[in-house]
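This is what each chain is made of:
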Amino acid sequence: MQNQLLQQGVELMLYGMGTVLTFLVLLIIATTIMSSFLQRFAKPEPAAKPAEATKLSGNDDHLIAAISAAIHKYRIRHKK
Amino acid sequence: MDKLLSLWYDSGIYQMASGQFIMMLVCLLLLYLAIKRGFEPLLLVPIGFGGLLANIPAAGLAFSAVENAINSGSPDVLQALAQSLQLASWESGKDIYYAYESASASLHVLAEQTAKDLGFLNGMLYNFYNISIASGAAPLIIFMGVGSMTDFGPLLANPKTLLLGAAAQFGIFATVLGALGLTALGLMDFSLADAAAIGIIGGADGPTAIYVASLLAPDLLGAIAVAAYSYMALVPLIQPPIMRALTTEKERQIVMVQLRPISKLEKVCFPLVLLILVALFLPSAAPLLGMFCLGNLMRECGVVDRLSDTTQNALINITTIFLGLSVGSKLSADKFLDLKTLGILLLGIVAFAIGTACGVLMAKLMNKVSKTPINPLIGSAGVSAVPMAARVSNRVGLNANPQNFLLMHAMGPNVAGVIGSAVAAGVMISLVGG
């Protein structure tokens, strides 16, 4: 009886661990396939950010002028 | 004078049993650990307080109407119940209770109705337990909330880390064997279902542990939930010694390559892919992983921000309160003050330790085989316990090399551990419960 219980435990361990490993390996395969498929369609988000920053660089002089004017005004207003 | 006496007989002090008193002290200890030491306070405060309420003598908050009727001890009530259960002879309320437990379905309902007709009601906590845990609802709703708080980005960037989440589940099954070994040695008395429910503590995932325990071993639920949440709070103490013992200084210093950025499209599709795999191969894990995927899809799809916000804040908080109180209602003396509880606490920590060790060893193996370096420290995060286990990996890594931030790398195995323990739970339910 007790040996039978232990045997059931060993069986549960083999089946259980086998299932967990198999399932997650399948998930790895599925995820890899999905990613390689989808990467053709969508560009990753963070990569887009530096591109935007370079676009702005043309207006640098205007931007710096505007910012320094604003800072100047702010300083005058908050002097007291 | 008579009135004074009857008031005294009704008082809590007169009716307090020693077991209830000890349980109240245990619950106060839980409250102390939660409030003063910060042990998973979100759960241990309601659990501890629920335990206090459940052990108030004569209030019967954790009992059903029939149990309350029996506990009232009035001879007329007992006679009526015995009659409804077709019990010819009985000596005390206990006999009636056992008859009620083993009665056929129709007599069971009859006894319940009799108790209700006599004016006895189900206790408040008993109702909470039935609605939230016995029905399976609360752990699943919490799992949906966890899903909507989970970012699968690090996992998608490095899918191999799913293997670490799988390896760390070995702790669960080793503990099942340990529990059955204790039974075989005659030290404890666990059935296969009990052992399976205890093993799940090693999954380091509260809702999963409660869900499995409510299906396989409702009697042990209180002890299992308390053990699971206490050990989750102790992750920063339990894991580092094991991690240091199994790795060399050089391995701990390994710097991993930066993760690639993940597009939104991939994040939206991942929960659907996961759900399809569950539907195809492991339907018994569908309740847990289904709710998890729903929560994650709501988070990532970006068109139902209101729903996602509710699931990860309001809904999960409400559910946590009722889940905690319901778990607390199972902290009654006759079920908790038992040698089994000691066994569960002991096996729980073994489960944690083995899971951590297997995760680290698997990561070492992967580091040997894989082209890109893998720091073995992230393996320990495979036991889930999000995000605590990942933070521990990060901290131990920083100790070895102050420039080495492993947090994002460890989040991959960490969420893989959640999937892994849900899968393990599904296997347990279908193999043991079915």
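Being a predicted model, the structure only gives us computed values, none of them experimental.

A tally of helices and strands in chain B yields 25 helices and zero strands. Over its C-alpha atoms chain B spans a radius of gyration of 24 Å, differing by no more than 12% from the 22 Å that the globule rule assigns to 434 residues. For chain B, the spread of C-alpha atoms along the three principal axes comes to 80 × 45 × 40 Å. Counting across all 434 residues of chain B, residues that qualify as buried make up 55%.

Take the interface of chain B and chain A next. Residue-level contacts link 39 residues of chain B with 32 residues of chain A. Among the elements that make up the side of chain B that touches chain A, the one with the highest residue count is helix H19 (residues 264-281) of chain B (nine residues). Partitioned by chemical class, the residues of the side of chain B that touches chain A number 30 nonpolar, six polar and three charged.

Attention now moves to the domain arrangement of chain B. Residues and elements named next belong to chain B. Parsing chain B into structural domains produces domain 1 (2-131) and domain 2 (136-433). Centre-to-centre, using C-alpha coordinates, domain 1 lies 34 Å away from domain 2. With 26 residues of domain 1 at the interface, the matching set in domain 2 holds 23 residues. Listing elements by their share of the side of domain 1 that touches domain 2, those giving two or more residues are helix H3 (18-35), helix H4 (41-54) and helix H9 (124-134). Residue contributions to the side of domain 1 that touches domain 2 peak at eleven residues, all from H4.

This part takes up the confidence of the model for chain B. Residues and elements named next belong to chain B. Confidence in the prediction of chain B, expressed as mean pLDDT, is 92, and 100% of residues score 70 or more. Between the elements of chain B, mean pLDDT differs from a low of 80, seen in helix H2 (residues 12-15), to a high of 96, seen in helix H20 (residues 286-301). The ipTM for the predicted assembly is 0.88, set against a pTM of 0.87.

Residue and element names in this part refer to chain B. Among the residues of helix H5 (residues 65-72), those classed as buried are Ala65, Val66, Asn68, Ala69 and Ile70. Along its buried surface, H5 packs onto helix H6 (75-84), helix H7 (93-102) and helix H8 (105-117). Once H5 ends, the next one or two residues include Gly73, with phi positive near 75°.

To continue, consider the confidence of the model for chain A. Counting all residues, the mean pLDDT for chain A is 80, and 74% of those residues have values of 70 or more. Confidence drops under a pLDDT of 50 for residues 48-53 of chain A, and excluding neighbours within four residues, the segment shows one contact in the predicted structure.

Turning next to unusual backbone geometry. All names here are of chain B. With an omega of -10°, the peptide bond running from Val386 to Pro387 counts as cis. Relative to the elements of secondary structure, Pro387 occurs in the loop between helix H23 (339-369) and helix H24 (388-400). Of note, Ala58 is a non-glycine position whose phi angle comes to about 70°, a positive value. Counting through the fold element by element, Ala58 comes out in the loop between H4 and H5. Look at Ala204: it is not a glycine, yet its phi comes out positive at around 50°. Considering the arrangement of structural elements, one finds Ala204 in the loop between helix H14 (192-199) and helix H15 (206-216).

Our focus in this paragraph is the packing of helix H10 (residues 137-149) of chain B against H15 of chain B. Residues and elements named next belong to chain B. Interaxial distance between H10 and H15 falls to 9 Å at its minimum, and their mutual angle equals 155°. As summarised for this structure, H10 and H15 are arranged roughly antiparallel, according to the angle between their axes. Of the two elements, H10 crosses H15, and the hand of that crossing is left-handed. In contact with Pro139, Leu140, Ile142 and Phe143 of H10, H15 contributes Pro207, Ile210 and Tyr211. The class makeup of the residues in the contact of H10 with H15 is seven nonpolar, no polar and no charged.

This part covers the nonpolar core. All names here are of chain B. Ranked by internal contacts, the top residues of the largest apolar core, which has 144 residues, are Ala197, Val212, Ala213, Ile224, Ala225, Ala425 and Met428. Per element, the largest residue contribution to this core is 14 residues, and it comes from helix H25 (residues 407-433). Not counting residues up to four positions away in its chain, the partners in contact with Ala425 are Ile200, Gly203, Thr208, Tyr211, Val212, Ala285 and Leu288.

Reading the values: rules and limits
- Residues numbered from 1 in each chain as written.
- Chains lettered and ligands numbered in written order.
- Predicted model: local features only at pLDDT ≥ 70, side-chain atom pairs only at ≥ 80, totals over all residues.
- Helix = DSSP H or I, 4+ residues; strand = E, 2+ residues; numbered from the N terminus.
- Rg over C-alpha atoms; globule rule 2.2 N^0.38 Å.
- Buried ≥ 20, exposed ≤ 12 C-beta atoms within 10 Å, placed from the backbone.
- Contact = placed C-beta atoms within 7 Å.
- Nonpolar A, V, L, I, M, F, W, Y, C, P; charged D, E, K, R; others polar.
- Domains from an automatic or database assignment.
- pLDDT = per-residue confidence, 0-100.
- Axes fitted to C-alpha atoms, helices over the stretch in contact; angles between N-to-C directions.
- Parallel < 35°, antiparallel > 145°, perpendicular 65-115°, else oblique.
- Left-handed = near helix turned anticlockwise from the far one by under 90°.
- Core = buried A, V, L, I, M, F, W, Y, C linked by C-beta atoms within 7 Å.

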